[in-house]
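# Chains, contacts and geometry: an overview
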Amino acid sequence: MKYVVYGAGAVGGVIGANLHRGGVDVTLVARGAHLAAIRERGLRLDSTLGSTHVDVTAVASAAEVEWTPDHVVLLCVKSHQTATALDDLAAHAPGTTPVVSVQNGVVNERAILRRFARTYAVCVMLPSGHLEPGVVAQKCHPTPGILDVGRIPRGIDELTEAIAEDLRRGGFESVPRPDIMAWKYRKLIRNLGNGIDAVCAPGDGVDVLARLATAEGELVLAAAGIPAVTEAEDDERRGDILRSTTGPWQPGGSTWQSVRRGVGAVEIDYLSGEVVLLGRLHGVPTPVNELLQRVTSELARTGGEPRSLAAVDLLGRLG
């Protein structure tokens, strides 16, 4: 199969680079200075082994892809960018093209399914970074990450196994999962710390804020009757595969990186904001996630300095 990695940031860039190195046909869709840098000198992949330049094809939009029946799209943009990406794909990719949500959050799959019948999802466990045009960081070694895949709305099929096999060719850990959304909802709960990581300086109150945000997430999933794998199951899957490494990159999760790059918008509405939405739908108060949603969005919108707020001050605002 041939892969179009739509969104070549931290996750998409690391996936695309490793697939290419594994002999898989890959085209990256990137934009702006990042696209220009990749076209000029290749995509630089930083890891504990050093830096490698990957000479991979990069285009600006789906219009530049020479589509075939063998193409599969790995959609790797942030959740707030999904609608624009799907408009582009729907205008140029054949309607039979499989589209795989390789994204955090839990609403992208439904959006894809409205436009493409062959919809799949990946639960992303891939510590990575992207702060500089043309450069992505692989923060785990030797296995870059865990990318289990399943079909939407449920189940597995031949393509699920084929995608998992190709991901393994790229060095990733990947198995088909018929209940992939249960894994993605657990990942959503883990991602409730993203806003804290982006806006709060390390120190007193950070752990308390994270525990409160997580507790709200657990309550709304229970109230909504949404199945999720347990924290223990998730920990067992991760095991010692995701080994943290030191390297030429700054520590920080995906939301922190977006604020650090000054892009002006982050996907917090689809992380903490998803808990807020479910809480409002099912009568569960979610004041912690509401506050995290507001302050993270404001910091990104105003170009504020990441980790410039004190967790104890946010706790004070909560009473």
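Here's what I pulled together on the structure shown here. Bear in mind the structure is a predicted one, so any value in this text is a computation, not a measurement. For every chain, the first residue of its written sequence is number 1, and the numbers climb from 1 along that sequence. A pLDDT threshold of at least 70 governs which residues receive local features in this predicted model, and a stricter bar of 80 or more applies before side-chain atom pairs are shown or counted, although totals over entire chains, interfaces and linings include all residues. Hydrogens and water molecules were not included; the side-chain quantities draw on all heavy atoms of the structure.

## Some remarks on the overall build of the protein chain
Counted only if it meets this: Labels follow the DSSP assignment, with helices taken as runs of H or I lasting at least four residues and strands as runs of E lasting at least two, numbered in each case from the N terminus. Here the globule rule is a power law, 2.2 Å times the number of residues to the power 0.38, and the radius of gyration is based on C-alpha atoms. Each residue gets one of three labels from its accessible area relative to the maximum for its type: buried under 20%, exposed over 50%, partly exposed in between, using a 1.4 Å probe on protein chains only. The contact definition used throughout considers only heavy atoms, calling two residues in contact when any of these lie within 4.5 Å. Note on areas: Shrake-Rupley, 1.4 Å probe, and residue coverage restricted to the protein chains presented here. Charged-residue counts in this description rest on Lys and Arg as positive and Asp and Glu as negative, His and the chain ends being excluded. Charge positions are represented by NZ for Lys, CZ for Arg, CG for Asp and CD for Glu.
A count of helices and strands for the protein chain gives 13 helices and eleven strands. Relative to its length of 319 residues, the protein chain is compact, with a C-alpha radius of gyration of 19 Å against a globular reference of 20 Å. Counting only C-alpha atoms and orienting by the principal axes, one finds that the protein chain spans roughly 55 × 40 × 40 Å. Looking at the protein chain residue by residue over its 319 residues, the buried ones come to 53%. A sequence separation of at least 24 residues applies to 73% of the contacts in the protein chain between residues at least 6 apart. A total of about 13,600 Å² of accessible surface is found on the protein chain, and carbon and sulfur atoms cover 50% of it. Where the 32 positive side-chain charges of the protein chain centre and where its 37 negative ones centre are 2 Å apart.

## Focus on the pattern of salt bridges
Counted only if it meets this: Each salt bridge in this description consists of a side-chain nitrogen of Lys or Arg and a carboxyl oxygen of Asp or Glu lying within 4 Å of one another.
In the structure shown here, the tally under the stated rule is 16 salt bridges. Across the salt bridge formed by arginine 39 and glutamate 64, the nearest N and O atoms sit 3.0 Å from each other. You can see arginine 39 sitting in helix α2 (residues 32-41) and its partner glutamate 64 sitting in the loop between β5 (57-59) and β6 (71-75), a full 25 residues away along the chain. On the basis of relative accessible area, glutamate 64 is assigned to the partly exposed category, the value being 40%. Measuring nitrogen to oxygen at the nearest pair gives 2.7 Å for the salt bridge that ties aspartate 148 to arginine 237. Of the two residues, aspartate 148 is situated in strand β11 (residues 146-151) and arginine 237 in helix α9 (residues 231-238); the sequence distance between them amounts to 89 residues.

## Observations regarding the sheet that holds β6
The line we're drawing: Two strands qualify as a pair provided that DSSP identifies no fewer than 2 bridges between them. Think of each axis as a best-fit line through the C-alpha atoms, taken over the contacting stretch in the case of a helix, with angles from 0 to 180 degrees between the N-to-C directions.
The mixed open sheet is built from seven strands, whose spatial order is β5-β2-β1-β6-β7-β8-β11. Each having just a single partner strand, β5 and β11 make up the two edges of the open sheet. With direction set aside, neighbouring strand axes in the sheet form an average angle of 25 degrees. Pairing of strand β2 (residues 25-29) with β5 involves three bridges; the strand directions are parallel. The residue bridging valine 29 from the neighbouring strand is valine 59, located in β5. Across the sheet, helix α6 (residues 180-190) touches β7 (99-101), β8 (119-125) and β11, and the angle it forms with β8 is around 40 degrees.

## Remarks on the side chain of asparagine 194
With respect to the element layout, asparagine 194 can be found in helix α7 (residues 194-199). Those residues in contact with asparagine 194 that sit more than four places away from it in its chain are Ser254, Thr255 and Leu271.

## What to know about the side chain of threonine 255
Tracing the sequence through the fold places threonine 255 in helix α10 (residues 254-261). Classification of threonine 255 as buried rests on a relative accessible area of 1%. Excluding residues within four positions of it along the chain, threonine 255 makes contact with Asn194, Ala198, Val266, Leu271 and Thr296.

## Some remarks on the sheet that holds strand β3 (residues 43-47)
With mixed pairing, four strands are arranged side by side in an open sheet as β4-β3-β10-β9. Whereas interior strands pair on both sides, the edge strands pair on one side only; in this sheet they are β4 (50-54) and β9 (128-129). As paired strands, β9 and strand β10 (residues 135-138) are joined by two bridges and run antiparallel to one another. Bridge pairing in β10 places serine 128 opposite glutamine 138.

## Comments concerning the pairing of strand β1 (residues 2-6)
Our working definition: The handedness rule is simple: strands pointing away from the viewer, and a clockwise path from the first strand over the helix to the second, make the crossover right-handed.
Of all five residues making up β1, four are buried, and the element is well covered by its neighbours. Regarding the hand of the β-α-β motif, the stretch spanning β1, helix α1 (residues 10-21) and β2 is right-handed.

## Re the packing of helix α12 (residues 287-302) against helix α13 (residues 311-318)
Which entries qualify depends on this criterion: Roughly parallel means an angle under 35 degrees; roughly antiparallel means over 145; roughly perpendicular covers 65 to 115; every other angle is labelled oblique. Crossing chirality is assigned from the near helix's rotation relative to the far helix, an anticlockwise turn below a right angle marking it left-handed and a clockwise turn marking it right-handed. Residues were grouped as follows: Ala, Val, Leu, Ile, Met, Phe, Trp, Tyr, Cys and Pro as nonpolar; Asp, Glu, Lys and Arg as charged; and all remaining residues, including Gly, as polar.
In contact at an axis separation of 10 Å, α12 and α13 are set at 125 degrees when each is read in the N-to-C sense. The angle between α12 and α13 places the two elements in the oblique class. The hand of the α12/α13 crossing is right-handed. For the pair α12 and α13, the contacting residues are Pro287, Val288, Leu291, Leu292 and Val295 in the first and Leu314, Arg317 and Leu318 in the second. Here the residues of the contact of α12 with α13 sort into seven nonpolar, no polar and one charged.

Treat this as a map of the structure, not an account of what it does.
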